[in-house]
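Analysis of the macromolecular model
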Amino acid sequence: ESLDKGLEKSKTGIFDKLTKAIVGKSEVDEEVLDELEEILISSDVGVDTTVKIIRRIEARVARDKYTSTSELDRILREEVAALLQENNSQDVTNSFETQNLPKPYVLMVVGVNGVGKTTTIGKLAHNFSKNGKKVVLGAADTFRAAAVDQLKLWGQRVGVEVIDHGMNTDPSSVAYDAVKKGVEVGADVIIIDTAGRLHTKVNLMNELGKIKRVMQKVLPEAPHEVMLVLDGSTGQNAVIQAREFTRVTDVNSLAITKLDGTAKGGVVIGISDEFKIPVKYIGVGEKMEDLQVFNKMAFVESLFQ
Ligand code: GDP
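Residues numbered from 1 in each chain as written. Predicted model: local features only at pLDDT ≥ 70, side-chain atom pairs only at ≥ 80, totals over all residues. Heavy atoms only, no water.

A separate point is the overall build of the chain. Scanning the chain from N- to C-terminus turns up 12 helices and 8 strands. Of all 305 residues assigned to the chain, the portion counted as buried reaches 56%. Contacts in the chain between residues far apart in sequence, at least 24 positions, make up 76% of those at least 6 positions apart. Total accessible area computed for the chain in this model is approximately 13,000 Å², and 49% of it derives from carbon and sulfur atoms. (Helix = DSSP H or I, 4+ residues; strand = E, 2+ residues; numbered from the N terminus. Buried < 20%, exposed > 50% of the residue type's maximum accessible area, 1.4 Å probe, protein only. Contact = heavy atoms within 4.5 Å. Areas by Shrake-Rupley, 256 points an atom, 1.4 Å probe, with all protein chains shown as cover.)

As structure tokens, then:
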């Protein structure tokens, strides 16, 4: 039920716009495809991905000789689904054992300030603890006093331990202590918050590299996953951030936040297509429960509701 609620909130309006665009038209022709192109771009799907989708539909239309506008919705769903990356990893928060994840599983979370990184970590911690997993958080975003405080607040709210050294301390030393603590207390999951100051790209690269190297002194295979958090409501800015981050570090998964109450959900399609990194979670609100496991088919359905 909450899944439906969340997805309901991530509507893009593509379907409504499409319905209006094809009123009085029976055949998918160039004019209809032009309208569709505009709809996709205005829904933040991104120009390259939009062009790709339109080309694919054009090819189908040309091959089939006649395509009724009543079929366009289905065809569009199929083409969008084909572009979304399969997320085989499922939700680690409730399938820990079945996936045979290493213990402790170290998740390093990256992203620029304000995208919802701390909130997403809080929600993840909540999901893990709800499923009986022991969680340790590391407040390695030490450049913003508020970031450390916010993470501590989430820790209290969710009832998990937060390792912090206060602000302006060495982030890698926080990460080291958090991983060490996690190992000592037998944690299942260790989640490390990091600072994301994109304006100093070389610094960011060095910083994330150092955090990794230092935590590897405790646990050589850490981090097991680097998750990039993007704010879906910023549309193409999210795409730019994804480009920048994938240049400075390996990124294994994505969490796209603030898809509630935005008409920009289309950005998920473009990002998935461009980066070939699975979207694992979507954020659909500010509360603990507002993190949804990304489900490709459910998402496609929600786009066209
Ligand atoms: P950080 O700087 O990346 O750690 O960002 P925060 O976690 O502090 O989030 C910034 C703001 O976005 C806060 O006001 C959050 O409550 C809000 N926020 C985070 N995720 C979501 C979401 O999925 N939906 C909505 N509506 N707000 C969110």
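Moving on from the coordinates now.
This brings us to the pattern of salt bridges. According to the stated counting rule, one finds 24 salt bridges in the structure shown. A salt bridge links E79 to R56; its shortest N-O distance comes to 2.5 Å. Separated by 23 residues along the polypeptide, E79 in helix α5 (residues 72-83) and R56 in helix α4 (residues 47-64) bring together distant segments of the chain. Under the relative-accessibility criterion, R56 is labelled partly exposed at 34%. With a shortest N-O distance of 3.3 Å, D64 and R63 are connected by a salt bridge. (Salt bridge = Lys/Arg side-chain N within 4 Å of Asp/Glu carboxyl O.)

So, on to the pairing of strand β6 (residues 253-257). In terms of residue burial, β6 counts as a mostly covered element, since 5 of its 5 residues are buried. Both strand β5 (residues 225-231) and β6 contribute to a ladder of 5 bridges, which runs parallel. The residue of β6 that forms the bridge with V229 is A255. Note that the unit made of β5, helix α10 (residues 236-248) and β6 has a crossover that is right-handed. With 3 bridges joining them, β6 and strand β7 (residues 279-283) adopt parallel strand pairing. Its bridge partner lying in β7, I256 is registered against I282. (Pairing = 2+ DSSP bridges. Right-handed = clockwise from strand over helix to strand, strands pointing away.)

Spatial ordering of the open sheet is given by β3-β2-β4-β1-β5-β6-β7-β8, a layout of 8 strands whose pairing is mixed. Only two strands of the sheet have a single partner each, and these edge strands are β3 (161-163) and β8 (291-293). With direction set aside, neighbouring strand axes in the sheet form an average angle of 25 degrees. Summarising the sheet, strand β1 (residues 105-110) and β5 pair through 4 bridges and their orientation is parallel. Within the sheet, the bridge partner assigned to V109 lies in β5 and is M227. The strands that helix α7 (residues 145-158) touches are β2 (135-140), β3 and β4 (189-194); relative to β2, the one it contacts most, it runs at about 170 degrees. (Axes fitted to C-alpha atoms, helices over the stretch in contact; angles between N-to-C directions.)

Its 12 residues give α5 an end-to-end C-alpha distance of 17 Å, which sits within 8% of 16 Å, the value for a rise of 1.5 Å per residue. With 9 of 12 residues buried, α5 lies mostly within the body of the structure. Within the sequence span of α5, burial applies to L72, D73, I75, L76, R77, E79, V80, A81 and L83. (Expected span 1.5 Å × (residues − 1).)

We now examine the UniProt feature "domain: SRP54-type proteins GTP-binding" (unreviewed entry) in the chain. According to UniProt, the positions carrying the feature "domain: SRP54-type proteins GTP-binding" (unreviewed entry) are residues 278-291. The distance separating the terminal C-alpha atoms of residues 278-291 is 16 Å; by composition the span is 0% helix and 43% strand. (UniProt positions renumbered as here; feature names shortened; annotations may be inferred.)

What follows is about the site of the ligand. In the vicinity of the ligand lie 18 residues, with G114, T118, T119, D260 and E286 positioned nearest. Backbone polar atom of V115 to an oxygen atom of the ligand: 3.2 Å apart, as the coordinates give it. K117 places a main-chain nitrogen or oxygen 2.8 Å from an oxygen atom of the ligand. One can see that the ligand is located within the largest pocket. (Near = heavy atom within 4 Å. Polar contact = N/O pair within 3.5 Å; in protein donor to acceptor, adjacent residues only side chain to side chain. 1 Å grid on protein atoms, 1.4 Å probe; cavity = no way out; pocket = protein on both sides within 12 Å on 5 of 7 lines; lining within 4 Å. Sits in = over half its atoms within 2 Å of the grid points.)

This brings us to the layout of surface pockets. Of the volumes computed, that of the largest pocket is approximately 330 Å³. Along the wall of the largest pocket there are 20 residues; nearest its centre are G114, V115, G116, T119 and K258. Secondary-structure elements contributing two or more residues to the lining of the largest pocket are α6 (117-130) and α7. Considering each element in turn, the lining of the largest pocket owes the most residues, 5 residues, to α6. Within the lining of the largest pocket, the residues separate by chemical class into 3 nonpolar, 10 polar and 7 charged. (Points joined across faces, edges and corners; volume = space filled by probe spheres on them. Nonpolar A, V, L, I, M, F, W, Y, C, P; charged D, E, K, R; others polar.)

Here the focus is the pairing of β2. With 6 of 6 residues buried, β2 lies mostly within the body of the structure. Across the two faces of β2 the burial is the same, with V135, L137 and A139 and V136, G138 and A140 all buried. As paired strands, β2 and β3 are joined by 3 bridges and run parallel to one another. Paired with L137 across the strands is V162, a residue of β3. Viewed along the sheet, the connection from β2 through α7 into β3 turns out right-handed.

As a further point, take helix α2 (residues 14-21). Taken residue by residue, α2 has I14, L18 and A21 as its buried positions. Projection of α2 onto a plane perpendicular to its axis shows the buried side chains occupying an angular sector of 60 degrees, all on one side. Tucked into the core, α2 has its buried residues touching α3 (30-42), α5 and α12 (296-303). (Arc of directions from axis to C-beta.)

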